[in-house]
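# Results of the structural survey
Spelled out, the chains give:
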Amino acid sequence: MLISWREGPGARLLLLSLLLLAAWESGRGQVHYSVPEEAKHGTFVGRIAQDLGLELAELVPRLFRVASKGRGDLLEVNLKNGILFVNSRIDREELCGRSAECSIHLEVIVDRPLQVFHVEVEVTDINDNPPVFPESEKRIIIAESRPPETRFPLDGASDADIGVNSALTYRVDPNDYFTLDTQNSREQMSSLSLVLRKSLDREEIQEHSLLLTASDGGKPELTSTVQLLITILDVNDNAPEFDQLIYKVRILENSLNGSLVIKLNATDPDDGTNADITYSFRRPVSPAILYAFYINPDSGEIRTKGKLDFEENKLYEISVEAIDKGNIPMAGHCTILVEIVDINDNAPDVTITSLALPVREDAQVGTVIALVSVSDRDSGANGQVTCSLMAHNPFKLVSTFKNYYSIVLDSVLDRESASNYEVVVTARDGGSPSLSATASVSVEVADVNDNAPAFPQPEYTVFVKENNPPGCHIFTVSARDADAQENALVSYSLVERRVGERALSSYLSVHAESGKVYALQPLDHEELELLQFQVSARDAGVPPLGSNVTLQVFVLDENDNAPALLPPGPSGGPSAVSQVVSRSVDAGHVVAKVRAVDADSGYNAWLSYELQPAAGGSRSPFRVGLYTGEISTTRALDEADAPRQRLLVLVKDHGEPALTATATVLLSLEDSGQAPKASSRALSGAAGAETALVDVNVYLIIAICAVSSLLVLTLLLYTALRCSAPPSEGACGPVKPRLVCSSAVGSWSYSQERRQRVCSGEGPPKTDLMAFSPSLPPCLSSAEGPGEIEAELEQLKKPRQPNPDWRYSASLRAGMHSSVHLEEAGILRAGPGGPDQQWPTVSSATPEPEAGEVSPPVGAGVNSNSWTFKYGPGNPKQSGPEPKKQTQVSFLLRRKGEASQPRQ
């Protein structure tokens, strides 16, 4: 084609319009894709950017976007690679229904310059929908008289897919009576029919069940089924029939009105009203039959109507007919022979009279409980009656006269084992079969007070802290009485006795009903460590019965006593310690000693000593032993030290909270020429003691091992003797003084044993084997006479100060803790601060306080085997460093399990 242009403004405008139109037409180009329905998320659809001629780098700058008229979330474009993919589930049937074509139309828009592209995505069908019948079960009713080749229309299935996926074929289960016929019309419509092949017989088969299956043409094919239930209607072509022509029945003469004689069952193979049967007596009917029986027209039951009597009529002959309800009724007939049977129809009659109830549990064997009489209206063997009692009860039946019996006690009763008996009397006649009757009587057993209250255990151990508030509840006892009512009402009381000089009731009380034990006043461990008493439980029976339980109340120590300072000398005097010290003494020299005791026990009585800092903050040349109380020099004294030194020593126990006391020590420093000669002698003696201390420690360890072995052997022998020996009896009384020698260390010593018992208030007296720390001169030699011994004993009776050396070293503690319990024998003292206190101690003979760790005496309780060890200065009257250290090992052995209480 040849086109000529003329120059001019109009030609230029026309050319520009043609160019814009060409650009618009090129932008409207259409791209076509296809994707199957139900594709997974991310399924590739097409490279839309490449197919539209767009560069990947310009998708974002040109604001590439996709718009859809329908659901916009089905497809999405990845701007990085320009691929169109499936974003969400696509259901073709939901999107387009049964339309043959189904597409998603997209508009792709880019800017700079503006361009619009049309994209069509076709959604292809897959076979994802099975055929569906209108109903899962189809009922069809056909009369048994319908001829063959009769057609019965059926409803076909539907398939939501299209094309070959929706092409349906049908089949039915193979059978002899029905076949399936399918016809397709020009309008692509199919008709489905069920065709009868041969005649039906309802009496042969009443119902046919066929399974109709529809299959589509997809790959793989999907199927659906419907159950065809074909019911055959009946035609009255059969008469009722009985099982047999003659029935024979036996019935008892004592049958009640309405008793069932026989239930007839006539059957009719027909159905519906054709099979409904009515029963009746065939006419003519005898008046005797009408009087004695009647027949139910619907159920065919024949029941008694009047009283039957074997003596009047032994046999009845009844004719019955059954008629159905068809249009032309049909009937069947039978005969029933009813035989009347004479039987034992009267049961015995049992009567229980003259009851002697309730029965005391202490009733004698043979006691009459009740009278029994029996009777039977029958005669002959049917009227002969025998009686018996049900087994497993303490009663028996004794015949007293014809048809009269007595129920008597056959064995001893115990209400606590069984409080009630159900006595059943059975009477049986001699008929065949025999008849029996029973009568019962409830025999209640009255309680007798024959059980004392019982405690769960014979002895209880209670621990109570001292200084308890008055009226404090410390324990509850409970006893159980197996009796009943007032015989089981238990009241509690204390078994009164003397505790020292006071009555037990001044310390404790027990609530009569609840059994709660209360402390009436604060208890003092230093005064009373163990309180052993008994609580009595008595019932309210006549006469009352009771039992006792033993309570051991251990009063636990609390830190309620502050350390008490001892006078520096044997003659007493002020509590301040005054001592003259030479300036020439060396470092470590012991210049004085602070002595203190604590009335408590255990850690509460473990004392430590601290030197208070001097006023003005000057450093003192003295120090005090942490556990010995010995004041020694820390350096050599010089002229710069003040001539008079005033030291404050703080004595503190280890209780919670700790209690303290302060001792004042006045030291006068003098030149060596003015120092007393006794001081030089003391220094030489102390040096000698330090030299011998190493040997003493070695001997001490050997002695401890020997004593421990001896103690284990002694405990084994004691346990064997205690288990085999019978309990001894005796009363509390004084104990004679004994002479105890401690030959294990090669020296003799003796001491006064106080006239003191360990009394529990119950049982034999308890005695202890005791050894005391040596606090006297060496033991008397064999040459000394009895008079001298008595004089020494009289000297011992004078009050003396307790030995404050009750500490022991870490090495000794390690040996004792591995095998024994230590017990502070505070139970042997008369009271807090008493003059005759015996302190079983374990102390260190080391002159240097820092030579080793020191621990307090260990309390093991009053029920344990215990012994104590001691070594160190034996004479408490010495106020300064002793010139010679005496070593003693002693022990206290107490029987295990014996609770004790101090008494003087």
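Remember, it's a predicted structure, so these values are computed and weren't measured experimentally.

The rules behind the values
- Residues numbered from 1 in each chain as written.
- Predicted model: local features only at pLDDT ≥ 70, side-chain atom pairs only at ≥ 80, totals over all residues.
- Heavy atoms only, no water.
- Helix = DSSP H or I, 4+ residues; strand = E, 2+ residues; numbered from the N terminus.
- Buried < 20%, exposed > 50% of the residue type's maximum accessible area, 1.4 Å probe, protein only.
- Disulfide = S-S within 2.5 Å.
- Patch = residues over 30% accessible without salt bridge, like charges linked within 9 Å, V, L, I, M, F, W, Y side chains within 5 Å.
- Areas by Shrake-Rupley, 256 points an atom, 1.4 Å probe, with all protein chains shown as cover.
- Salt bridge = Lys/Arg side-chain N within 4 Å of Asp/Glu carboxyl O.
- Pairing = 2+ DSSP bridges.
- Axes fitted to C-alpha atoms, helices over the stretch in contact; angles between N-to-C directions.
- Phe/Tyr/Trp six-rings, centres within 6.5 Å; stacked < 30°, edge-to-face > 60°.
- Lys NZ or Arg CZ within 6 Å of the ring centre and 35° of its normal.
- pLDDT = per-residue confidence, 0-100.
- Contact = heavy atoms within 4.5 Å.
- Core = buried A, V, L, I, M, F, W, Y, C linked by side-chain atoms within 4.5 Å.

A word on unusual backbone geometry. With omega at -5 degrees, the peptide bond leading from Leu357 into Pro358 counts as cis. Mapped onto the secondary structure, Pro358 falls in the loop between strand S22 (349–353) and strand S23 (359–360). The amide bond that connects Ser432 to the next residue, Pro433, takes the cis arrangement and shows omega of 0 degrees. On the secondary structure map, Pro433 appears in the loop between strand S28 (420–429) and strand S29 (436–446). The backbone of Leu63 shows a phi angle near 55 degrees, a positive value even though the residue is not glycine. By secondary structure assignment, the location of Leu63 is in the loop between helix H2 (48–51) and strand S3 (65–68). Accessibility expressed as a relative area gives 44% for Leu63, which makes it partly exposed.

Turning our eyes to something else, we now look at the state of the cysteines. Such a bond, covalent and formed between the sulfur atoms of two cysteines, is termed a disulfide. Enumeration over the complete set of coordinates arrives at 1 disulfide. Between the sulfur atoms of Cys96 and its disulfide partner Cys102 the distance amounts to 1.9 Å. Between Cys96 and Cys102, the S-S dihedral sits near 70 degrees, and the bridge is therefore right-handed. Using a relative accessible area of 23% as the deciding quantity, one classes Cys96 as partly exposed.

On to a nonpolar patch on the surface. A surface patch of nonpolar side chains, amounting to about 340 Å² of accessible area, comprises Val698, Tyr699 and Ile702. Looking at the secondary structure, you find Ile702 in helix H5 (residues 677–724).

Quick look at the sheet that holds strand S27 (residues 404–409) now. Reading across the sheet, the 4 strands line up as S22-S24-S27-S26 and stay open at both edges, with antiparallel pairing between neighbours. What marks the edges here is a single partner per strand, and that holds for S22 and strand S26 (395–401). Ignoring strand direction, the axes of neighbouring strands in this sheet form an average angle of 25 degrees. Both S22 and strand S24 (residues 368–375) contribute to a ladder of 5 bridges, which runs antiparallel. For Asp349, the partnering residue across the bridge sits in S24 and is Ser375.

Turning next to the pattern of salt bridges. Applying the stated criterion across every chain, the model contains 18 salt bridges. Note that Glu610 is salt-bridged to Lys652, the shortest N-O span being 3.5 Å. Remark: Lys652 occurs in strand S46 (residues 644–653) and Glu610 occurs in strand S43 (residues 607–611); sequence separation between them is 42 residues. Judged by its relative accessible area of 33%, Glu610 falls in the partly exposed class. With relative accessibility at 27%, the residue Lys652 sits in the partly exposed group. A single salt-bridge network, built from bridges that share partners, covers Arg202, Glu203 and Asp271.

Overall, mixed pairing links the 4 strands, which are arranged S15-S21-S20-S17 in an open sheet. The sheet terminates laterally at strand S15 (246–252) and strand S17 (277–281), the two strands that pair on one side only. For this sheet, the mean angle separating the axes of adjacent strands, direction not counted, is 30 degrees.

So, on to the packing of aromatic side chains. Scanning all chains against the criterion turns up 8 aromatic pairs. For the ring pair Tyr603 and Trp606, a centre distance of 5.7 Å and an interplane angle of 70 degrees mean the geometry is edge-to-face. Each residue in the set Tyr603, Trp606 and Tyr627 is aromatic and connected to the rest through ring pairs, giving one cluster. Against the face of Tyr177 rests Lys198, its NZ or CZ located 4.7 Å from the ring centre. Positioned over the ring face of Tyr507 is Arg502, at 4.7 Å from the centre of the ring.

Right, let's get into the confidence of the model for the protein. Low-confidence regions, as indicated by low pLDDT, have predicted coordinates that should not be scrutinised in detail. Residues at a pLDDT of 70 or more form 71% of the protein, whose mean pLDDT is 74. For the stretch residues 20–29, pLDDT sits under 50, and the model shows 6 contacts to residues farther than four places along the chain or on other chains. Contacts for the low-pLDDT stretch residues 728–904, under 50 throughout, to residues beyond four places or in other chains number 352 contacts.

Our focus in this paragraph is the nonpolar core. Counting residues in hydrophobic clusters, the biggest one holds 28 residues, and the most contacted among them are Tyr492, Leu508, Leu531, Phe533, Val535 and Leu551. Elements represented by at least two residues in this core include exactly strand S30 (459–465), strand S31 (472–476), strand S32 (490–494), strand S35 (508–510), strand S36 (516–519), strand S37 (530–539) and strand S38 (546–556). Counting 26 residues, the second-largest nonpolar core is a separate cluster that includes Val35, Leu75, Val108 and Val110.

A few words on the pairing of strand S4 (residues 75–78). Every second residue of S4 is oriented toward a common face, the buried set being Leu75 and Val77 and the non-buried set Glu76 and Asn78. As paired strands, S4 and strand S5 (residues 83–86) are joined by 4 bridges and run antiparallel to one another. Within S5, the residue paired with Val77 across the bridge is Leu84. A loop of 4 residues connects S4 with S5, the two strands running antiparallel in sequence, and Gly82 in this loop sits at a positive phi of about 70 degrees.

Another aspect to go through is the environment of Gly46. Tracing the chain through its elements places Gly46 in strand S2 (residues 44–46). Residue Gly46 is classed as buried on the basis of its relative accessible area of 3%. Apart from residues lying up to four places away in sequence, Gly46 is in contact with Tyr33, Gly82, Ile83 and Leu84.

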